[in-house]
Amino acid sequence: MGAYLLRRFGLMLLTLFGISIIIFVMLRVAPGNIADVLFDAAGYVDPAAKMRIERDLGLDQPLAVQYATWISGLLRGDLGYSYVTDRPALAEILPRIPVTARLAGLSLLLAVLLGVPLGVVSAVRQDTALDYVVRVVGLSGLSILAFWLGLLVLMAFVAWFHTIPIYSAIPQGFWGALTMYMVPSAVVGFGSAALIMRLTRSSMLEVLRQDYIRTARAKGASESVVNFRHALKNAILPVITIIGLQAAFLMGGLVVTETVFNIPGVARFLVDAVRWRDYPIVQNLVMYVAVVVVTINFIVDMLYAVLDPRIKYVD
């Protein structure tokens, strides 16, 4: 087990190293930098001023030197300064992480609480009216685009409640935060719940046909024991994988939702930074998302061994 953990940790570091090179190169390959963006916005180009800006920001250095400077600073906890605000990148990023984390956490919680039970019920009541209703709802969740659903929800709130549920101020207290995040979380969680529900249903249907399920019923086990203790326990592994992937996506992929509901989160900030070619912000945000993704994948792998004793990670 110890050797496996060391190998996995080494693979995680290698993955992060590769991602750092890719994002660094892609940003430099993209046409233009912060100086070009500024002069394009102004409508004229002063070559001397442009060269001075590039020199002040270190953009005139060789790419290898720029990369080494960024990585060495990253390892020391020095993320550099934003090209746009001239504030430390860490001070710009840190306040936005809890915002996205609350939105993602609540969305995932709603998705799991809805998706798993509905998937189990749909599988147990296969080909009944309830099954058809759940499947239609699940297909709708996969088909409806998040931004379109978000706009519909905003218009419905304006028409029915004469208010608009967008992020307008920092919420105070638990109930204030819950109220602020509930509507966008429900919009995001609807699609995730549909995916979890459909996978739970298909996995449950496969497990319910196994011989040990018939044996459990023949021994007189109740339907709840058969469905949740025996069937769901063995059907949950692929669902855990999807939940992990959804958690990773929600921590960095909610650009549309954060824009529609005016939420100052990580994904929206990343898009703005890319538009302004704010290299320190983009590079560090992408690395943050990469760390979250590889960490969640590692946790999911460890959960496999906990949930299924047949899985062993040996040296």
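Residues numbered from 1 in each chain as written. Predicted model: local features only at pLDDT ≥ 70, side-chain atom pairs only at ≥ 80, totals over all residues. Heavy atoms only, no water.

Draft legend 1. Main features of a nonpolar patch on the surface. Taken together, the side chains of L145, F147, W148, L151, L152, M155 and V256 present a nonpolar region at the surface, about 660 Å² in accessible area. With five residues, helix α8 (residues 146-161) is the single largest residue contributor to the nonpolar patch. Residue position: L145 is located in the loop between α7 (129-143) and α8. (Patch = residues over 30% accessible without salt bridge, like charges linked within 9 Å, V, L, I, M, F, W, Y side chains within 5 Å. Areas by Shrake-Rupley, 256 points an atom, 1.4 Å probe, with all protein chains shown as cover. Salt bridge = Lys/Arg side-chain N within 4 Å of Asp/Glu carboxyl O. Helix = DSSP H or I, 4+ residues; strand = E, 2+ residues; numbered from the N terminus.)

Draft legend 2. Molecular detail of the layout of surface pockets. Its volume calculated, the largest pocket comes out at about 450 Å³. Around the largest pocket, the lining is made up of 23 residues, and of these L57, T69, G80, Y83 and P280 lie nearest the centre. At six residues, the largest contribution of residues to the lining of the largest pocket is made by helix α4 (residues 63-76). Considered class by class, the residues forming the lining of the largest pocket number 10 nonpolar, eight polar and five charged. Looking at the second largest pocket, its volume works out to about 340 Å³. (1 Å grid on protein atoms, 1.4 Å probe; cavity = no way out; pocket = protein on both sides within 12 Å on 5 of 7 lines; lining within 4 Å. Points joined across faces, edges and corners; volume = space filled by probe spheres on them. Nonpolar A, V, L, I, M, F, W, Y, C, P; charged D, E, K, R; others polar.)

Draft legend 3. Examining α7 more closely. Given a rise of 1.5 Å per residue, 15 residues ought to cover 21 Å, and the 21 Å separating the end C-alpha atoms of α7 matches this to within 8%. What α7 keeps buried is the set D131, V134, G138 and G141. Taken around the axis of α7, the buried residues stretch over an arc of 90°, which confines them to a single face. Opposite the buried face of α7, at more than 90 degrees from it, the exposed residues are A129 and V136. Considering only its buried residues, α7 is in contact with α6 (96-124) and α9 (173-208). (Expected span 1.5 Å × (residues − 1). Buried < 20%, exposed > 50% of the residue type's maximum accessible area, 1.4 Å probe, protein only. Arc of directions from axis to C-beta. Contact = heavy atoms within 4.5 Å.)

Draft legend 4. Up close: the environment of L303. Looking at the element boundaries, L303 is found in helix α14 (residues 279-307). Through-space distance from the C-alpha of L303 to that of L237 is 8.7 Å; in sequence the pair is 66 residues apart.

Draft legend 5. Seen up close, the packing of aromatic side chains. Scanning the entire structure with this criterion turns up five aromatic pairs. Measuring from centroid to centroid gives 6.0 Å for Y67 and W70, while their planes differ by 75°, and the two rings are edge-to-face. Here the residue Y67 and the residue W70 both occupy positions in helix α4, the gap between them amounting to three residues, near one helical turn. Across the pair, W70 and Y67 agree in class, each one buried. An aromatic cluster of three or more residues is present, and its members are F24, Y67 and W70. Sitting above the plane of the F269 ring, R96 keeps its charged end 3.8 Å from the centroid. (Phe/Tyr/Trp six-rings, centres within 6.5 Å; stacked < 30°, edge-to-face > 60°. Lys NZ or Arg CZ within 6 Å of the ring centre and 35° of its normal.)

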